[in-house]
Amino acid sequence: MANRIDPSLHSEEQDPILDQPKVKTPPKKRISKKPIKNSFIKGINVIFVGFFGGGFLKLINFKKNWLFILYIVLMLIFLIYNNLSIQSSRNKIDKLKDNKIKLTTEYMKIKQKTNYLDELQGQQLAEKFKEEGYVENKSLEYKITVNKEE
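Bear in mind the structure is a predicted one, so any value in this text is a computation, not a measurement.

What follows concerns the overall build of the protein chain. Helix and strand counts for the protein chain stand at five helices and zero strands. Element order for the protein chain, N to C, with α for helix and β for strand: α-α-α-α-α. For the protein chain, buried positions account for 0% of its 150 residues. Total accessible area computed for the protein chain in this model is approximately 16900 Å², and 61% of it derives from carbon and sulfur atoms.

Below, the structure is given as structure tokens:
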């Protein structure tokens, strides 16, 4: 309570200062620009000056929220990178699908062109191979059977 000052008490030093007349300073002269008549151009000008002049930083309280704004920007960069990588993967998958279709059609064409051997042609080929020195495989074929025992 001791810190309060009673306004009714004036010291002698304060009285002459209060009684002095205030000095008027002349107003600063502004360079007058031609007013913009078109409202669209005026709006563009306001946006341009507000953005590049840093006015938007005052509006979003940049000093307090810089960490949050940085987080948002990093998330946007991550989102854009993720979308681009997904698109490139989709392009690779499409190319592989096209390649698979081409190989399947080639396989089907080759399969249609092959001649199936009948019994007579098979015997003729076997004789031809025997003449050239090929030997028929005489090893036994094994068959594994599983029997359940109770």
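Here we come to the packing of aromatic side chains. Scanning the entire structure with this criterion turns up one aromatic pair. Aromatic pair Phe129 and Tyr134: ring centres 5.5 Å apart, planes at 85°, arrangement edge-to-face. Relative accessible area serves as the criterion here: at 53%, Tyr134 is assigned to the exposed category.

Let us look at a nonpolar patch on the surface. There is a patch of nonpolar side chains on the surface, built from Ile60, Phe62, Trp66, Leu67, Leu70, Val73, Leu74 and Ile77 and spanning about 740 Å² of accessible area. Its location among the elements puts Val73 in helix 4 (residues 62-113).

Taking 1.5 Å as the rise per residue, helix 5 (residues 119-132) with 14 residues should run 20 Å; its terminal C-alpha atoms sit 20 Å apart, in good agreement. Following helix 5 by one or two positions, Gly133 has its phi on the positive side, about 110°.

Further remarks concern the confidence of the model for the protein chain. Looking at the protein chain, the pLDDT average stands at 78 and 72% of residues meet or exceed 70. Considering each helix and strand of the protein chain separately, the mean pLDDT is smallest for helix 1 (residues 14-19), with a value of 52, and largest for helix 4, with 91.

Rules used throughout
- Residues numbered from 1 in each chain as written.
- Predicted model: local features only at pLDDT ≥ 70, side-chain atom pairs only at ≥ 80, totals over all residues.
- Heavy atoms only, no water.
- Helix = DSSP H or I, 4+ residues; strand = E, 2+ residues; numbered from the N terminus.
- Buried < 20%, exposed > 50% of the residue type's maximum accessible area, 1.4 Å probe, protein only.
- Areas by Shrake-Rupley, 256 points an atom, 1.4 Å probe, with all protein chains shown as cover.
- Phe/Tyr/Trp six-rings, centres within 6.5 Å; stacked < 30°, edge-to-face > 60°.
- Patch = residues over 30% accessible without salt bridge, like charges linked within 9 Å, V, L, I, M, F, W, Y side chains within 5 Å.
- Salt bridge = Lys/Arg side-chain N within 4 Å of Asp/Glu carboxyl O.
- Expected span 1.5 Å × (residues − 1).
- pLDDT = per-residue confidence, 0-100.

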